[in-house]
Amino acid sequence: MSGVALGLQSDKLKNMDAVNRQPARSDGTLPRKARVFITLSAALACVVLLKAAWNWESPDFFKYAAFVLAAIASSAVRIRIPGVTGTLSLTFLFALFGILELNAPETVLLCAMVTGIQCYWGSGVRARAAQAIFNVSSMTLAIAVAETAYHTRALSAQAVEPALRLAAATCVLFIFNTGPVALMIAMTEARGFASTWRECYFWSLPYYLGGAALAQAASFANRVIGWQAVLLIGPVMYLIYRSYRLYLERLENQRQHAEEVSRLHLRTIEALALAIDAKDHTTHDHLQRVQLYAIEIGRELALGAEDQEALRAAAMLHDIGKLAVPEHIISKPGRLTPEEFEKMKIHPIVGAEILERVQFPYPVVPIVRAHHEKWDGSGYPYGLAGEAIPIGARILAAVDCLDALASDRQYRRALPLDEAMKIVIAESGKAFDPRVVEVLARRYVELEAQAQSVKREDGGLSHDVKIARGEAPGAGFESAGPQAAKAAPMDFLTSIAAARQEVQALFEISQDLGNSLSLDETLSVLAVRLRKIIPHHSFAIWVCRENVLQPDYVSGDDFRLFSALEIPLGQGLSGWVAENRKPILNGNPSVEPGYLNDPAKFSTLRAAVAVPLEGVNGVIGVLSLYHAERDAFTKDHLRILLAISSKIGLSIENAIRFRQAESSATTDYLTGLPNARSLFLQLDSELSRSRRNHAPLAVMVLDLDGFKLVNDRFGHLEGNKVLRAVAARLKHACREYDYIARMGGDEFVVLLAGVQPEDVHGKTGQFQQVVKDIGRELFSGNLLTASIGVAHFPGDGTDAEQLLAEADRQMYKEKRTHRRQNQGAEPGWKSEWAAIVQ
């Protein structure tokens with residue numbers, strides 16, 4: 001192409017060149033009008049060259065030869081321009097310099113010669129004959145017209161500045177150099193001339209004008225210091241060019257790195273999509289179709305390049321959050337319960353949290369987080385509405401719904417596509433953006449045809465492949481025990497006896513489990529019975545409380561070790577059994593959390609069998625048996641445990657409920673202290689002990705002063721907080737064997753065994769200080785005080801009623817004393833109260 005002659009090349013035109021590319025005709029020839037154009041150009045160029053050769057003369061042949069050699073040497077050098085798709089050659093400067101310093105024949109012959117050389121040297125692809133002829137011809141004509149424009153008499157007569165004349169000649173050169181090439185492309189590819197020229201060449205006009213300025217500077221230097229000095233600038237220019245090339249190579253490396261990062265993100269997307277495929281086998285084809293629909297609709301809605309890339313990624317990854325949804329919910333062959341739907345609704349948020357860690361260079365996360373939002377604000381997770389929903393999420397929501405309706409699901413068969421589209425249209429303006437639905441309704445048939453034509457190159461993940469290699473896992477298979485493998489075959493009499501013994505043992509266990517509501521008694525009987533039919537060295541019942549398995553009954557070896565363990569649900573051997581509701585046979589006891597990899601905690605137990613214990617509302621615990629020998633338990637042992645596990649679970653659940661009911665009958669629900677009923681039982685017991693041992697006993701009744709004001713001013717919730725704080729502090733201030741109970745309301749009773757009357761005064765002062773401290777901490781003032789009455793055995797009474805009545809009388813006596821003191825200081829007290837409640 002003629003652009004090569006001036007050093008102008010375009011990466012795009014390397015593939016679009018009118019002569020070098022495949023012709024539009026099937027016979028391999030150029031279109032007729034293109035061949036005519038090349039012929040006319042070549043004929044005119046021959047005339048111009050002959051005229052230049054006829055009129056050729058060189059005032060300074062050595063100068064001309066030097067510039068020709070310099071132009072030829074620089075013809076292979078091309079400068080890439082950042083931000084555009086083309087390159088410039090240094091030969092461009094010699095062409096413009098020739099217009100200024102050489103005569104017309106010299107300039108025409110120099111440019112024609114260098115253009116021909118450029119067609120075969122440094123271009124990367126050897127030019128065909130037609131291309132070389134066209135390039136030389138168009139360059140010859142362009143430089144001839146530019147020479148004429150510069151030296152035209154009209155401009156010279158008007159005394160126009162040489163710089164302006166050179167600018168005009170440069171524009172003419174630009175038009176006549178790029179115009180023929182654009183015209184050739186337009187004729188060959190049946191495209192518009194103006195659009196081709198504007199798209200492929202117009203970007204180079206500023207560089208033409210910049211080259212003209214450099215040529216003008218070189219011409220000035222030629223006149224001042226001579227052409228020899230100008231040529232010596234060539235090596236300097238080459239060093240500058242080499243530095244520029246290194247800079248561009250560094251930019252290119254950075255660009256390639258950025259592209260590699262982008263490709264890495266795309267591979268990450270594909271890997272995450274495969275993770276979804278592993279979780280839900282119906283999802284992958286759904287994702288492929290949704291991606292195609294979404295991208296096409298995004299293009300029609302004129303989304304920017306960044307938004308389109310974000311939509312492409314989000315369409316593949318919008319369901320990644322389903323990795324956090326239990327598989328039985330995803331694959332449920334029926335409608336979800338409200339609880340299951342609540343679990344399903346977390347997947348947009350979880351998906352967004354997962355993708356935030358990928359750090360995509362475009363906004364994928366907002367689309368994934370909002371793809372279940374609805375146009376009218378009734379969606380989830382945040383209830384966004386209208387334009388507040390990201391456009392990518394709005395596209396994804398409509399497309400996702402259409403594909404879900406038109407695809408088979410576990411809970412229903414697929415609807416016909418037209419029927420599914422009607423449902424989506426009905427939701428326009430409610431669930432979906434009307435603009436998105438309008439585009440989808442217009443193009444869904446076309447897009448479905450495209451989706452059907454796309455074939456998956458990969459076969460997805462291998463779910464059902466059979467692996468021939470690998471005989472056993474490193475830890476070995478779950479084993480039924482060596483006894484089962486080595487045991488000699490039993491005759492039928494022995495088998496009958498063993499079966500009868502097993503049935504009898506199971507019957508006895510069933511009978512024993514229903515005989516008592518005491519949990520300890522129930523479990524101890526169970527441990528004895530099980531040892532007869534399943535040999536073991538340690539027995540443990542783990543009860544689930546707040547997602548932690550706690551040992552409720554432990555016997556046998558390592559009693560202390562197991563009694564100290566608390567196993568989080570899902571961890572260790574027993575935790576796994578509880579979470580998955582599946583038994584385990586001959587597991588390793590050392591994996592129980594608490595002494596795993598702890599050298600200070602060592603167990604000699606080597607095998608375990610564990611079964612889940614289920615009650616009315618699910619798993620309540622785990623029964624675990626441990627043995628000192630590896631693989632000690634057999635499948636028969638597991639079968640026996642499974643046969644009685646439901647009965648054991650129900651019995652334990654009933655015993656736990658009984659224990660809770662029993663505890664609530666004697667315990668105050670608010671403070672956790674014993675209640676009045678428990679107090680009387682304990683007081684009778686303490687009195688009996690005191691009588692036997694002739695030991696003193698103090699009964700102390702404590703009542704809170706100011707508690708009614710707390711309830712009136714701050715509310716009953718704050719009052720409850722005060723009662724809990726007082727109960728905890730009093731318990732902390734007492735000895736381990738002292739007894740504290742809540743009598744009712746704001747009244748507490750403390751039983752102090754073995755305390756002499758003269759020692760009680762210090763204790764009452766300590767308790768009063770405790771109450772004052774609580775008032776200051778919670779209300780920043782002396783709002784709370786305590787009135788305390790004390791009765792002593794045997795001086796003030798010999799039975800419970802007498803002692804409590806006397807202590808109560810003493811307490812009210814002290815309360816009246818406090819009231820009179822407060823009335824005397826009422827003005828100051830009221831001002832303090834006012835400060836507290838403000």
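What you see is a predicted model; the values in this text were computed from it and never measured.

### Considerations on a nonpolar patch on the surface
Judged by side-chain polarity, Trp56, Phe61 and Phe62 come together as a nonpolar surface patch covering roughly 360 Å² of accessible area. Looking at where Phe62 falls in the secondary structure, it is placed in helix H3 (residues 61-74).

### Examining helix H29 (residues 716-733)
An ideal rise of 1.5 Å per residue puts 26 Å on 18 residues; H29 measures up with 25 Å between its terminal C-alpha atoms. Every buried residue belonging to H29 is among Gly719, Val722, Leu723, Val726, Ala727, Leu730 and Ala733, and all of these are buried. When H29 is viewed along its axis, its buried side chains cluster within an angular range of 135° and face the same direction. Those residues of H29 that are exposed and angled more than 90 degrees off the buried face are Leu717, Lys731 and His732. Among the structural elements, strand E10 (697-705), helix H28 (707-714), strand E11 (739-744), strand E12 (747-753) and helix H30 (757-779) are those in contact with the buried residues of H29.

### Some points on the sheet that holds strand E9 (residues 618-627)
The six strands lie next to each other as E6-E5-E4-E9-E8-E7, forming an open sheet whose pairing is antiparallel. Here the strands that pair on one side only, and so sit at the sheet edges, are strand E6 (567-568) and strand E7 (584-587). Running at roughly 145° to E9, helix H25 (residues 572-580) makes contact with strand E4 (538-545), strand E5 (548-556), E6, E7, strand E8 (607-615) and E9 of the sheet.

### Focus on the packing of aromatic side chains
This model, assessed by the stated rule, comprises six aromatic pairs. Note on Phe341 and Tyr380: the rings are 5.8 Å apart at their centroids and 90° apart in plane angle, and the pair reads as edge-to-face. Separated by 39 residues along the polypeptide, Phe341 in helix H15 (residues 338-344) and Tyr380 in the loop between helix H17 (365-370) and helix H18 (391-405) bring together distant segments of the chain. Judged by relative accessible area, Tyr380 falls into the buried class, the value being 17%. With centroids separated by 4.8 Å and ring planes inclined at 35°, the aromatic side chains of Phe714 and Phe779 adopt a geometry described as tilted. Of the two residues, Phe714 sits in helix H28 while Phe779 sits in helix H30, which places them 65 residues apart along the sequence. We classify Phe714 as partly exposed; its relative accessible area is 31%. We classify Phe779 as buried; its relative accessible area is 5%. Taken together through their ring pairs, the aromatic side chains of Trp542, Phe562 and Tyr626 make up a single cluster. Here the guanidinium or amino end of Arg165 rests over the ring plane of Tyr150, the centre of that ring lying 4.7 Å away.

### Considerations on the packing of H28 against H29
Where H28 meets H29, the closest approach of the two axes is 7 Å, and the angle between their N-to-C directions is 145°. Contacts between H28 and H29 involve Phe707, Val710, Asn711 and Phe714 on the former and, on the latter, His716, Glu718, Gly719, Val722 and Leu723. Of the residues belonging to the contact of H28 with H29, the class tally is five nonpolar, three polar and one charged.

### Focus: the nonpolar core
Counting residues in hydrophobic clusters, the biggest one holds 47 residues, and the most contacted among them are Tyr293, Ile297, Val364, Ile395, Leu402 and Leu440. Looking at this core, the elements that each hand over two or more residues are helix H12 (283-300), helix H13 (305-317), helix H16 (347-356), H17, H18, helix H19 (417-426) and helix H20 (434-453). In terms of residue count, H18 provides more of this core than any other element does, eight residues in total. Beyond its immediate stretch of four places on either side in the chain, Tyr293 contacts Val399, Leu402, Leu417, Leu440, Tyr444, Leu447, Glu448 and Ala451. Core analysis: the second largest hydrophobic core is formed by 31 residues, Leu673, Phe748, Val755 and Ile788 among them.

### Observations regarding the sheet that holds E11
Spatial ordering of the open sheet is given by E11-E12-E10-E13, a layout of four strands whose pairing is antiparallel. Looking at strand neighbours, the two that pair on one side only are E11 and strand E13 (785-793), the edges of this open sheet. For this sheet the average axis-to-axis angle between neighbouring strands, irrespective of direction, equals 20°. Pairing of E10 with E12, which is carried by seven bridges, proceeds in the antiparallel orientation.

### Observations concerning the confidence of the model for the protein
Reading fine detail from the predicted coordinates is not recommended where pLDDT is low. Looking at the protein as a whole, the pLDDT averages 76, with 74% of positions reaching at least 70. Across residues 1-28 the pLDDT falls below 50, and counting only partners more than four positions away or on other chains, this stretch makes 91 contacts in the model.

### Some remarks on the packing of H18 against H20
Their axes nearest at 10 Å, the elements H18 and H20 cross at an angle of 45°. On the basis of the axis angle, H18 is oblique to H20. Considering only the axes of H18 and H20, their crossing is right-handed. For the pair H18 and H20, contact is made by Ile391, Arg394, Ile395, Ala398, Val399 and Leu402 and by Arg435, Val436, Leu440 and Tyr444, respectively.

### Brief notes about the side chain of Ser538
Considering the arrangement of structural elements, one finds Ser538 in strand E4. We classify Ser538 as buried; its relative accessible area is 0%. Among the polar contacts made by the side chain of Ser538, one reaches the main-chain carbonyl oxygen of Ser555 at a distance of 3.2 Å.

### Quick look at the environment of Ala190
Structurally, the position occupied by Ala190 is in the loop between helix H8 (162-189) and helix H9 (193-200). Owing to a relative accessible area of 73%, Ala190 belongs among the exposed residues under this scheme. Each C-alpha atom, one on Ala190 and one on Pro31, is 9.9 Å from the other, the two residues being 159 residues apart in sequence.

Analysis parameters
Residues numbered from 1 in each chain as written. Predicted model: local features only at pLDDT ≥ 70, side-chain atom pairs only at ≥ 80, totals over all residues. Heavy atoms only, no water. Patch = residues over 30% accessible without salt bridge, like charges linked within 9 Å, V, L, I, M, F, W, Y side chains within 5 Å. Areas by Shrake-Rupley, 256 points an atom, 1.4 Å probe, with all protein chains shown as cover. Salt bridge = Lys/Arg side-chain N within 4 Å of Asp/Glu carboxyl O. Helix = DSSP H or I, 4+ residues; strand = E, 2+ residues; numbered from the N terminus. Expected span 1.5 Å × (residues − 1). Buried < 20%, exposed > 50% of the residue type's maximum accessible area, 1.4 Å probe, protein only. Arc of directions from axis to C-beta. Contact = heavy atoms within 4.5 Å. Pairing = 2+ DSSP bridges. Axes fitted to C-alpha atoms, helices over the stretch in contact; angles between N-to-C directions. Phe/Tyr/Trp six-rings, centres within 6.5 Å; stacked < 30°, edge-to-face > 60°. Lys NZ or Arg CZ within 6 Å of the ring centre and 35° of its normal. Nonpolar A, V, L, I, M, F, W, Y, C, P; charged D, E, K, R; others polar. Core = buried A, V, L, I, M, F, W, Y, C linked by side-chain atoms within 4.5 Å. pLDDT = per-residue confidence, 0-100. Parallel < 35°, antiparallel > 145°, perpendicular 65-115°, else oblique. Left-handed = near helix turned anticlockwise from the far one by under 90°. Polar contact = N/O pair within 3.5 Å; in protein donor to acceptor, adjacent residues only side chain to side chain.

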